[in-house]
Amino acid sequence: MKTLFRNSLPAITVSVLLLAATSVTVRAQSARLQIDQLDSLANKASETVDVKLDEHLMQMTAKFFVSKDPDDAEIRELIKGVKGIYVKSFTFEKEGEYSPAEIDSVMSQLRGGAWSKIIGVTSKKDGDNVEVYLNTAGDQINGLAVLSIEPKEFTVVNIVGPINLEKLVQLEGQFGVPYLNLPPPKPKIEKKNP
Amino acid sequence: MKPKLVIIPIACVLLFGSSVSIGSARGDDFNAVVSAIEQFYHVKHQNIPLLARAGMKAAKTAARIRGGEYKRLAEAGSARVAFFEEQNFDSHGQIASFKASMKNALSETWSPLVQTLAPKNEEQNYIFVRELGKNFSVLVITIERHEATVVEATVAPQILAQLMKDPNEIGKALTEDATIDP
């Protein structure tokens, strides 16, 4: 019996490791939103931007920011562990050219589960609405989603991987992430010793 | 000895076969996209590269991306270009159909990286990427109301990494790179 257990131990270890790796992948995958259904909006939009930087491309890119250049080091740190950046942005000539159902097709994926809203900015004057959601499991961040809903523009940004708000702000204007006019992250207040 | 005698010819056949299929697939996809444009818009491409047109202005974008003095982005001799000049690119509101026909023309090995559409101005940009050994093959399709360009170029991974910092600029930079004199 002992021999059988000893012989099976490597196989059991490999199985447990594979299972653990699979669960990590599944968790990371759950931070990937289904946004291809929005493609039909391209028929009505005056401008459409669609960016897909998948895990393979992101890993390949990260590997080549190796120089001592401080810019490269900053980018390397920014995209470390990022498994994908997906952006869809639609600009319309007139208001009301996209429906609440189209927004809800994305929003419904963000309700409950591992997603929680961390920022919601609404401008009554302009009708602009920006919401930022984080996908977490315990202390680990698995992904982030930004919905920018304006009367003539609808943008969805989905970043899969360990990304926080500070990194998102730094990524604006790079890797296809548009400028989102997010409020600056609150500075961390250090507790003073009494 | 016998197994070796059998294995060597098989290996040669496989090696030769795969290199031929990769080569033909490359050619097919570039030509297939050019044909898709010709069929959809009823236009005809020109193979003569209009190298004189670009000049210094074009070189600046590529130089900015490379962060200094202008250097080629594409591997030497790898760029293929098809121009469509002074022709009418009117999709009659069917840009989505064109997008679909182009997607059908390409093999599944290509990953879409960036797509931008502005139907009112008949402007479309598509960038597809696929691995090519140690390098990457990048296919850039740019269509405007009266002209279009299709560029396929082999790019080193380091260059692609730099280009990916601003994916919207990849198409412009590679097209300019492929159409200017060194």
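Rules used throughout
- Residues numbered from 1 in each chain as written.
- Chains lettered and ligands numbered in written order.
- Predicted model: local features only at pLDDT ≥ 70, side-chain atom pairs only at ≥ 80, totals over all residues.
- Heavy atoms only, no water.
- Phe/Tyr/Trp six-rings, centres within 6.5 Å; stacked < 30°, edge-to-face > 60°.
- Buried < 20%, exposed > 50% of the residue type's maximum accessible area, 1.4 Å probe, protein only.
- Helix = DSSP H or I, 4+ residues; strand = E, 2+ residues; numbered from the N terminus.
- Arc of directions from axis to C-beta.

Draft legend 1. Representation of the packing of aromatic side chains. Scanning the entire structure with this criterion turns up 8 aromatic pairs over all chains. When the ring of F92(A) is compared with that of Y98(A), the centres are 5.2 Å apart and the planes differ by 25 degrees; the resulting orientation is stacked. Classification of F92(A) by relative accessible area gives buried; the value is 3%. Judged by its relative accessible area of 11%, Y98(A) is buried. Ring centres 5.2 Å apart and planes at 65 degrees place the aromatic pair Y41(B) and F89(B) in the edge-to-face group. Of the two residues, Y41(B) is situated in helix α1 (residues 2–41) and F89(B) in the loop between β1 (80–84) and α3 (95–105); the sequence distance between them amounts to 48 residues. We note that Y41(B), like F89(B), is buried. Through successive ring pairs, a cluster of aromatic residues spans F40(B), Y41(B), F84(B), F89(B), F98(B) and Y126(B).

Draft legend 2. Just α3(B), in detail. Residue and element names in this part refer to chain B. Residues I95, F98 and M102 constitute the buried set of α3. When α3 is viewed along its axis, its buried side chains cluster within an angular range of 55 degrees and face the same direction. Exposed side chains of α3 directed beyond 90 degrees from the buried face belong to K103 and N104.

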